[in-house]
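Structural features, examined
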Amino acid sequence: MGQKTANKPELRDILSVLPRLLSNLPSPVKEFERVQTRDPFKVLVATILSARTKDEVTSAAVKRLFSEIKGPKDLEKLSTEEIERLIYPVGFYRNKARFLAALPKALKAFDYKVPDNLQDLLKIPGVGRKTANLVLSRAFGKSAICVDTHVHRIMNMWGFVKTSTPEETEMALEKILPKGWWSRINPVLVAFGQTICKPVVPQCGLCPLRTWCPRGKSL
DNA sequence: AAAACGGGGGC
DNA sequence: GCCCCAGTTTT
């Protein structure tokens, strides 16, 4: 309260600082993106597997699975148990194996192709907003705001949104985020959240934003 | 020993 | 809204 408070920068100014900062750091995100192609089916599977799972583990699971299959129709031939064995030990592997086993049936309604719109993607079991928007931006090149826990946490911490659910964050960001950032904000904030602005033990000493960030001041 | 992890579904 | 899923790493 007795302290000087720097003027709060615009959101776009803050975001533009991050890529250069992150380029100087080893980012775990790069490994996850490396295994991905633009193949929508592979992107979808990798994204489903990635929840609550380290990127290296996800990458390995994707490689094992796709050494056995090429597309949805191959996946249909595998039993749930076989899928479990291939994707282990990703987080919640039994749930995810069930989702993957049901995936060919779900895709049949779309001629065995991954839908390129949000409404249809959300009909697929195991696919929520985070997964759907990531597929839209990464596989189909669309402008989609993918809000995961990092995006939700950091945007609320900075005070650009005041929301209680990721969906609310997504809607709020649609109004204040320049469209050129819609697909970029997720990779950038994930990398930032994993390497510097971590939920616990944040590396505020490395962060150029600490002079105005509320968290930097409290530390 | 706890808590954290790039979610989603069922209740 | 709350709780569950699970193995692995960090604190």
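Residues numbered from 1 in each chain as written. Chains lettered and ligands numbered in written order. Predicted model: local features only at pLDDT ≥ 70, side-chain atom pairs only at ≥ 80, totals over all residues. Heavy atoms only, no water.

1. Let's talk about the packing of helix 10 (residues 149-158) against helix 11 (residues 166-176)
For the pair helix 10 and helix 11, interaxial distance at closest approach is 10 Å and the crossing angle is 65°. Note on packing geometry: the crossing formed by helix 10 with helix 11 is left-handed. Mapping the contact onto sequence places Val-151, His-152, Met-155 and Asn-156 in helix 10 and Pro-166, Thr-169 and Leu-173 in helix 11. Split by residue class, the contact of helix 10 with helix 11 holds four nonpolar, three polar and no charged. (Axes fitted to C-alpha atoms, helices over the stretch in contact; angles between N-to-C directions. Helix = DSSP H or I, 4+ residues; strand = E, 2+ residues; numbered from the N terminus. Left-handed = near helix turned anticlockwise from the far one by under 90°. Contact = heavy atoms within 4.5 Å. Nonpolar A, V, L, I, M, F, W, Y, C, P; charged D, E, K, R; others polar.)

2. Observations regarding the protein's contact with DNA strand C
In the vicinity of DNA strand C, the contacting residues are Arg-52, Lys-54, Tyr-88, Pro-89, Gly-91, Phe-92, Tyr-93, Arg-94, Asn-95 and Val-201. If you look at DNA strand C and keep only atoms within 4 Å of the protein, 51% of those are sugar or phosphate atoms. Arg-94 is positioned such that a nitrogen or oxygen atom in its side chain is 3.0 Å from a phosphate oxygen of DNA strand C. Within the backbone of Asn-95, a nitrogen or oxygen atom sits 3.2 Å from a phosphate oxygen of DNA strand C. A per-class count over the surface near DNA strand C returns five nonpolar, two polar and three charged. (Near = heavy atom within 4 Å. Polar contact = N/O pair within 3.5 Å; in protein donor to acceptor, adjacent residues only side chain to side chain.)

3. Some points on the domain arrangement of chain A
Along its sequence, chain A is organised into domain 1 (11-25 + 145-218) and domain 2 (31-140). Computed from C-alpha coordinates alone, the two centres of domain 1 and domain 2 are separated by 26 Å. Both faces considered, domain 1 and domain 2 share a buried interface measuring about 660 Å² in area, 51% of it formed by carbon and sulfur atoms. Between Arg-129 and Glu-170 there is a salt bridge, and its shortest N-O distance comes to 2.8 Å. Between the two partners, domain 1 and domain 2, sit three residue pairs in polar contact (both at pLDDT 80 or more). Among the elements of the structure, helix 11 and helix 12 (185-195) are those that each provide at least two residues to the side of domain 1 that touches domain 2. (Domains from an automatic or database assignment. Buried area = accessible area lost by both parts, 1.4 Å probe. Salt bridge = Lys/Arg side-chain N within 4 Å of Asp/Glu carboxyl O.)

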